[in-house]
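# A look at the structure
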Amino acid sequence: MLRTVILGTGSYAPAKVLTNADLEKMVATNGAWIVSRTGIEERRIAAPGESTSDMAAAAAKNALELAGVDPRELDLIIVATVTGDAQTPACAAFLQAKIGAENAFAFDVSAACAGSLYALSIADQFIKTGKVRRALVVGAETLSRVVDWTNRETCVLFGDAAGAMVLGPGEEEGRGLLSTSLRTDGTLTTILGIPRAYDPRQDGPTPGEAHKIKMRGREVYKVALRLLPEIVTEALAMAGLEAKDVDHVIAHQANARIIEASLAQLGVPLEKCWMNISRFGNTSSASMPITLDEANRAGRLKKGDVIAMMAIGAGMTWGGAVLRW
Ligand SMILES: CC(C)(COP(=O)(O)OP(=O)(O)OC[C@H]1O[C@@H](n2cnc3c(N)ncnc32)[C@H](O)[C@@H]1OP(=O)(O)O)[C@@H](O)C(=O)NCCC(=O)NCCS
């Protein structure tokens, strides 16, 4: 059976670091509160003029290099983002031009923090059916431009980054993406979102508030804890596996407490989960691919290891995936 394998991973984070101590000077917060409630110590902020597709291109180049794939070999590019360069064209089109992937068709997926998982699952369908041989999936966000920097309840949470995966058909039996499970509950659109499109040309504060992140944090927290363990269990069952078979968890890094409690419910030790929320905060669709890239480059993932993925975001959208490395 043809399965999708990950041929290479890559990531990019902008140079500017915004620490909790920096935030203490901007809003009425304190570092101890932020760390105890979220696990976040610092986050990265894109430079003025640095676009989402610039960051996506940097991550993509890393992933292509690791995979040994030339950009012209790509047949498909999917960018998961809620902060693309323009309302239209898609961020994926800007990215295609920047990396010279002239043979790829390219489009965006809007599924917030679950976007990379959705994009991975879409690319998987094209690869499994033989329509596509080389796909690039990127999660990239400049959330700093949609954060309300006067609202302490949200501004401490988010950061900018990009992560990428190069995918292709696997040749070894039993290896690759074993299952994906995606869900949406549109009755929850009011608990997390950005009501209006933002202006990507603006780097700093812009007039009006409708393009800023709005969140009812406590409700999001409860929903995440209810849905994440369930979807991972489902994805594992689809792959004929159980929680005890999991060697690594690659989780969307929204909140360390959400990850800890979800894994406790699943009965998977926290040591199996690569954590980087302390350094990046919540980077939405970029979060999962940068986490996978870090674990990969650290040599943590061994051939044959079972990896469970989980993510949840605005919509609410959520999903789980299982792959054998
Ligand atoms: C946002 C979140 C960290 C808040 O933690 P919480 O324990 O639910 O805290 P609450 O919202 O109940 O607020 C508790 C108190 O802390 C205060 N507070 C909120 N943000 C604060 C901050 N940055 N610094 C200091 N105090 C803060 C609140 O005003 C409140 O004060 P009060 O008790 O005087 O009213 C938590 O709800 C969360 O992580 N939710 C999920 C968010 C998420 O992951 N979103 C993205 C999903 S993809």
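Computed from a prediction, not measured in an experiment: that's the story for all the values here.

### Quick look at the site of the ligand
Around the ligand sit 21 residues, and of these Thr29, Arg37, Arg152, Arg218 and Asn255 come closest. Contact between the ligand and Arg218: an oxygen atom at 2.8 Å from a side-chain N or O atom of the residue. Within the side chain of Asn255, one N or O atom sits 2.5 Å away from an oxygen atom of the ligand. Summarising the interface, the protein chains cover 76% of the accessible area of the ligand, which totals 970 Å² for the free molecule. Among the elements of the structure, α2 (31-38), α6 (152-155), α7 (217-238) and α8 (256-266) are those that each provide at least two residues to the shell around the ligand. No other element matches α7, which puts four residues into the shell around the ligand. For the shell around the ligand, the per-class residue count stands at 10 nonpolar, six polar and five charged.

### A short note on the packing of α7 against α8
Viewed as axis vectors pointing N to C, α7 and α8 meet at an angle of 40 degrees, and their least axial separation amounts to 9 Å. When the axis of α7 is compared with that of α8, the two are oblique. As for how α7 packs across α8, the hand of that crossing is right-handed. Judged by residue contacts, Tyr221, Ala224, Leu225, Leu228, Pro229, Val232 and Thr233 of α7 engage Arg257, Ile258, Ala261, Ser262, Gln265 and Leu266 from α8. Grouping the constituent residues of the contact of α7 with α8 by class yields nine nonpolar, three polar and one charged.

### Focus on the nonpolar core
By size, the foremost hydrophobic cluster in this structure holds 47 residues, and its most contacted members are Leu263, Ile312 and Met316. Secondary-structure elements contributing two or more residues to this core are α7, β11 (248-251), α8, β12 (306-313) and β13 (317-324). Per-element tally for this core: the top contributor is α7, with nine residues. Of the residues that make up this core, three or more belong to each of domain 1 (4-169) and domain 2 (176-324). Core analysis: the next-biggest nonpolar cluster, separate from the first, contains 31 residues, Val109, Met165, Trp274 and Met309 among them.

### Observations regarding the sheet that holds strand β1 (residues 4-12)
Strand order across the open sheet formed by five strands is β1-β7-β6-β4-β5, with mixed pairing between neighbours. Pairing within the sheet leaves two strands with one partner each, and these edge strands are β1 and β5 (105-109). On average, each strand axis in the sheet is tilted by 20 degrees relative to the strand beside it, whichever way the strands run. In this structure, β1 lies alongside strand β7 (residues 160-169), joined through eight bridges in antiparallel fashion.

### Regarding the pattern of salt bridges
One pass over the structure, following the stated rule, counts 10 salt bridges. The closest approach of N and O atoms between Glu234 and Arg183, which form a salt bridge, is 2.7 Å. Of this pair, Glu234 sits in helix α7 while Arg183 sits in strand β8 (residues 176-184), and the two are 51 residues apart along the sequence. Of the residues examined, Glu234 reaches a relative accessible area of 27% and is grouped as partly exposed. Residue classification places Arg183 among the partly exposed positions, given a relative accessible area of 34%.

### Regarding the domain arrangement of the chain
By the assigned domains, the chain splits into domain 1 (4-169) and domain 2 (176-324). Using C-alpha coordinates to define each centre, domain 1 is positioned 14 Å away from domain 2. On the domain 2 side, the residues contacting the 60 residues of domain 1 number 50 residues. Both sides together, the interface formed by domain 1 and domain 2 hides about 4300 Å², and carbon and sulfur atoms give 62% of it. Among the residues of domain 1 in contact with domain 2, Cys113, Leu117 and Arg145 are the three that bury the most area, contributing 16% of the side total. In this assembly, domain 1 and domain 2 are joined by zero salt bridges. Counting only elements with at least two residues in the side of domain 1 that touches domain 2, the list comes to β1, α2, β3 (42-45), α3 (52-67), α5 (115-128), β6 (135-142), α6 and β7.

### Considering the packing of aromatic side chains
Taken as a whole, this structure holds two aromatic pairs when the rule is applied. Note on Phe105 and Phe107: the rings are 6.4 Å apart at their centroids and 20 degrees apart in plane angle, and the pair reads as stacked. The partly exposed category is assigned to Phe105, whose relative accessible area is 40%. Between Phe105 and Phe126 the ring centres are 5.5 Å apart and the planes differ by 70 degrees, which places this aromatic pair in the edge-to-face class. Of this pair, Phe105 sits in strand β5 while Phe126 sits in helix α5, and the two are 21 residues apart along the sequence. Among the aromatic side chains, those forming a connected cluster through ring pairs are Phe105, Phe107 and Phe126.

### Digging into the side chain of Gln253
Checked against the element boundaries, Gln253 lands in the loop between β11 and α8. Reaching out from Gln253, the side chain makes a polar contact with the backbone nitrogen of Ile277 at a distance of 3.1 Å.

Calculation rules
Residues numbered from 1 in each chain as written. Predicted model: local features only at pLDDT ≥ 70, side-chain atom pairs only at ≥ 80, totals over all residues. Heavy atoms only, no water. Near = heavy atom within 4 Å. Polar contact = N/O pair within 3.5 Å; in protein donor to acceptor, adjacent residues only side chain to side chain. Areas by Shrake-Rupley, 256 points an atom, 1.4 Å probe, with all protein chains shown as cover. Helix = DSSP H or I, 4+ residues; strand = E, 2+ residues; numbered from the N terminus. Nonpolar A, V, L, I, M, F, W, Y, C, P; charged D, E, K, R; others polar. Axes fitted to C-alpha atoms, helices over the stretch in contact; angles between N-to-C directions. Parallel < 35°, antiparallel > 145°, perpendicular 65-115°, else oblique. Left-handed = near helix turned anticlockwise from the far one by under 90°. Contact = heavy atoms within 4.5 Å. Core = buried A, V, L, I, M, F, W, Y, C linked by side-chain atoms within 4.5 Å. Buried < 20%, exposed > 50% of the residue type's maximum accessible area, 1.4 Å probe, protein only. Domains from an automatic or database assignment. Pairing = 2+ DSSP bridges. Salt bridge = Lys/Arg side-chain N within 4 Å of Asp/Glu carboxyl O. Buried area = accessible area lost by both parts, 1.4 Å probe. Phe/Tyr/Trp six-rings, centres within 6.5 Å; stacked < 30°, edge-to-face > 60°.

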